[in-house]
Amino acid sequence: MSELARESSTRRSARSAEPAPRASARGATFLGTPPFPTAAKAALADTQLRRNLAHATGTIRGKRAAVVAEVDNWEELRLAGAALKDRTLRHLDTYLTQLETALTKAGATVHWAGDAAEANRIVVDIARAHDTDEVVKVKSMATVEIGLNEALADAGITAWETDLAELIVQLGDDLPSHILVPAIHRNRSEVREIFLREMGRAGKPAPADLTDEPARLAAAAREHLREKFLRAKVAVSGANFAVAETGTLAVVESEGNGRMCLTLPEVLISVVGIEKLVPTWEDLDVFLQLLPRSSTGERMNPYTSMWTGVTPGDGPQEVHVVLLDNGRTDVLADEVGRQALRCIRCSACLNVCPVYERTGGHSYGSVYPGPIGAILTPMLRGVGHDEQVDSLPYASSLCGACFEVCPVRIDIPEVLVHLRSQVVDAHRGRPSLQGAAMKAASWMFGRSARTAAAEKLSGLGSRVLDRTVRRRAPGGRRALGSLPWPVSAWSDARDTPVPPPESFRAWWSRTDGGRR
Amino acid sequence: MTVGLMVTCINDALFPDTGRAVVTLLRRLGVDVDFPAAQTCCGQPMVNTGYLDEAVPLLRNHLEAFAGYEAVVVPSGSCAGSVRHQHRLVAQRSGDPGLVRAVEQAPPAYELTEYLVDVLDVVDVGAYFPHLVTYHPTCHSLRMLGVGDRPRRLLEAVRGLRLVELPAASECCGFGGTFAVKNADTSVAMGSDKARHVRETQAEVLVAGDNSCLMHIGGLLSRERSGVRVMHLAEILASTEAVIDEPARPTAGSAAASAEASRTDGPPRAPRPAGAIR
């Protein structure tokens, strides 16, 4: 145990620089996360985090690539998925009322929630009506988005996360850092430590001889969760899909904990974003091919649970569906950005993102991290009000790897650039170094004579530097080392070639394009 | 047919050897190449940072500079991508229907390897470069333009050149334009991994089709005292055997040296069919 304690303190100190997770009375929160560049700086220094993420994303990337390559018509499936979602979003009002009708007919109660507070109130009220002080939860991004667990806690109701990774996050008073694998930033020895330390406080303790073997860890979680499944009267879920035609909700998962929650308790409340709709049962065909391969890199996920309202004598006898807007109609109003509502939360974009792989999810300071989070969060929350949110569209090198793997063809780089222009426009009129630099560059490049004059100046400088700079880059060209602010952002880690004495333009004009 | 060389602002100001190499190379292949002196910058730095209004004057200038050319050749996947995918956006932002029309009517812009392989139908450009080389396919060439294996085929046809595989080649180097300074720590973390992969290959030269990415990776390799140099693909393709008769100049000026050398080769020749060797 002393060894464990030592390990633990090392890890905590390595992680203490990490900005995002803040322990508070109500648990960890993304509030107070600094803008992305600052948060990333700390995360990049966490060597264990870097190793954990590189290993995990690399593994999932490889699995995804292999199973996608097996599908001959993958590109057609992507196109079909995008087209289906676009069509649904174009007629969203029609499909939503169709869903409501179908659900009501099937014995479910439909609630409409305009924002997070309204959705939370609805769920809290239902739980209270059943006089319960706990609910079990299926992994659901929508409920993390609205902060449901915190709202329930404020009402004296404990929400037990039953997804393995969510359980790890919850027990560790941590924050999710990945859409699919919320505890991706933890490795198995950290998980073991969290289980040993925290499980006893939340219910059945972990066996004292717990090792970090995945099978042992899963067994400990299973034991711990079982009593909660058997005891809980109320379950809360999200949904991967909602079929408008039939009123059927679908949850796609790997562990089976979701099915326990969806079948054992008496009451089931599902919080469903309004973009989760598909028009017909047949449309699921496309998405159930796209999602598992993109998400976990499996041909098919182990558990697909579907339910249509109440089935008398089987499963929950009281079924509620909370249809959640919470900014989605604002996203729908954005002609470029609305494609983000096609997202089926597979997280393929996170796994291929070179930025995400190095900074981890907490740096994004948002429930939705990675490339999709960098576009979805600013659109759901609006740009121009919060420095942290405004930093997200810039958290990308625009390399395009996300677009390449997106199963519903969301052109994330296009939306990122679009949102950057919204951020800039929201701040126009306020002085900034970047704005001044862009204006100056725009003026200089507006006419070639100005560009030529600037290059001439640089050429003169180059003649001076050529005499004073001793350093040479590999290949022989003279290079500058560290330079003062603001160029230091570039030169702290990179040498800079000394500008040439003559620009290409000047050479062309002097030699008539090399003919003289 | 006269093609307009869009040299790009960064090559113009910082890497003129690359521009000279493109001229040498295209002339050797019998192409009439012109440099429209009115050109400046395509506006990508502004667009990618969110300054669309600031990109409008640059777009106007670009369209005027290249009007009337049959084709535009760009030794940069990123700038070719900007012309092909971002100019319409900037024109729309300007609210000027004339500018939108002008973008639609602009001559086609080809990244250098696209122009060589697709338009000239050449893979062997008669180059000689007896060095161990590894190739980084820059993101915009790879994913925005989809240049595929064109650069690789061109490199494989260079005599004397030995090409070694770069591990995790398709992963971004972390340059990303203003990303390199706005998110410098992340950019450097990505670039350091790229530089590590380059060093793992034991290559003498890292080649790519974008000097902006090369300035970033090269800057890191230089800071690390790695002894690996970076070169634009055009400079390798412009190198010929004639250069070995010149005094040894293993510097950034080598492409210029080969430009000088090739001028003694006599008048430009007609394009050779693919695969032909001089």
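What you see is a predicted model, and the numbers here were worked out from it, not measured in a lab.

1. Digging into the overall build of chain A
Here's step 1: When its secondary structure is counted, chain A shows 24 helices and 12 strands.
Here's step 2: Relative to the globule expectation of 24 Å for 516 residues, the C-alpha radius of gyration of chain A, 26 Å, shows essentially globular dimensions.
Here's step 3: The principal-axis extent of the C-alpha atoms belonging to chain A is close to 90 × 60 × 50 Å.
Here's step 4: Out of the 516 residues belonging to chain A, those deemed buried represent 50%.
Here's step 5: Put simply, of all contacts in chain A between residues at least 6 apart along the chain, 74% involve residues at least 24 apart.

2. Some details on the domain arrangement of chain A
Here's step 1: Domain annotation of chain A identifies domain 1 (3-328) and domain 2 (435-511).
Here's step 2: If you average the C-alpha positions of domain 1 of chain A and of domain 2 of chain A, the two centres end up 51 Å apart.

3. Things to note about the interface of chain A and chain B
The figure often quoted for interface size is the accessible area lost as the parts come together.
Here's step 1: Facing the 58 residues of chain A at the interface are 65 residues of chain B.
Here's step 2: Of the residues that constitute the side of chain A that touches chain B, the class distribution is 29 nonpolar, 16 polar and 13 charged.

4. Brief notes about the sheet that holds strand β7 (residues 267-273) of chain A
All names here are of chain A.
Here's step 1: Spatial strand order, β1-β10-β7-β4-β2-β3: six strands in an open sheet with parallel pairing. A single partner strand is all that each edge strand has here, and the edge strands are β1 (109-113) and β3 (158-161). Averaged over all pairs of adjacent strands, the angle between strand axes in this sheet comes to 25 degrees, irrespective of strand direction.
Here's step 2: Both strand β4 (residues 234-237) and β7 contribute to a ladder of four bridges, which runs parallel. Considered in β7, the bridge of S237 is made with S270.

5. Some details on the sheet that holds strand β5 (residues 132-135) of chain B
All names here are of chain B.
Here's step 1: The four strands lie next to each other as β6-β5-β7-β8, forming an open sheet whose pairing is parallel. In the strand order of this sheet, the two ends are held by β6 (162-164) and β8 (229-232), each with one partner. Between one strand axis and the next, the sheet turns by 35 degrees as a mean value, whatever way the strands run.
Here's step 2: Both β5 and β6 contribute to a ladder of three bridges, which runs parallel. Residue pairing in the sheet places L132 in a bridge with R162 of β6.

6. Considerations on helix α13 (residues 211-223) of chain B
Here's step 1: With 13 residues, α13(B) should cover 18 Å at 1.5 Å per step; its first-to-last C-alpha distance of 17 Å lies within 8% of that length.
Here's step 2: Looking at the residues trailing α13(B), positive phi occurs at B:R225, about 50 degrees.

7. So, the confidence of the model for chain B
All names here are of chain B.
Here's step 1: When pLDDT is averaged along chain B, the result is 90; 87% of the residues meet or exceed 70.
Here's step 2: Contacts from residues 247-278, a stretch scored under 50 in pLDDT, to residues over four places away or in other chains number 64 contacts.
Here's step 3: Complex prediction metrics read pTM 0.92 and ipTM 0.92.

8. Thoughts on the nonpolar core
Here's step 1: Within the largest apolar cluster, 231 residues are counted, with the highest numbers of intra-cluster contacts made by A:V271 and B:V73.
Here's step 2: Setting aside its immediate chain neighbours within four residues, A:V271 contacts A:A119, A:V123, A:S140, A:A142, A:T143, A:I146, A:L148, A:V236, A:G238, A:V322 and A:L324.

The rules behind each value
- Residues numbered from 1 in each chain as written.
- Chains lettered and ligands numbered in written order.
- Predicted model: local features only at pLDDT ≥ 70, side-chain atom pairs only at ≥ 80, totals over all residues.
- Helix = DSSP H or I, 4+ residues; strand = E, 2+ residues; numbered from the N terminus.
- Rg over C-alpha atoms; globule rule 2.2 N^0.38 Å.
- Buried ≥ 20, exposed ≤ 12 C-beta atoms within 10 Å, placed from the backbone.
- Contact = placed C-beta atoms within 7 Å.
- Domains from an automatic or database assignment.
- Nonpolar A, V, L, I, M, F, W, Y, C, P; charged D, E, K, R; others polar.
- Pairing = 2+ DSSP bridges.
- Axes fitted to C-alpha atoms, helices over the stretch in contact; angles between N-to-C directions.
- Expected span 1.5 Å × (residues − 1).
- pLDDT = per-residue confidence, 0-100.
- Core = buried A, V, L, I, M, F, W, Y, C linked by C-beta atoms within 7 Å.

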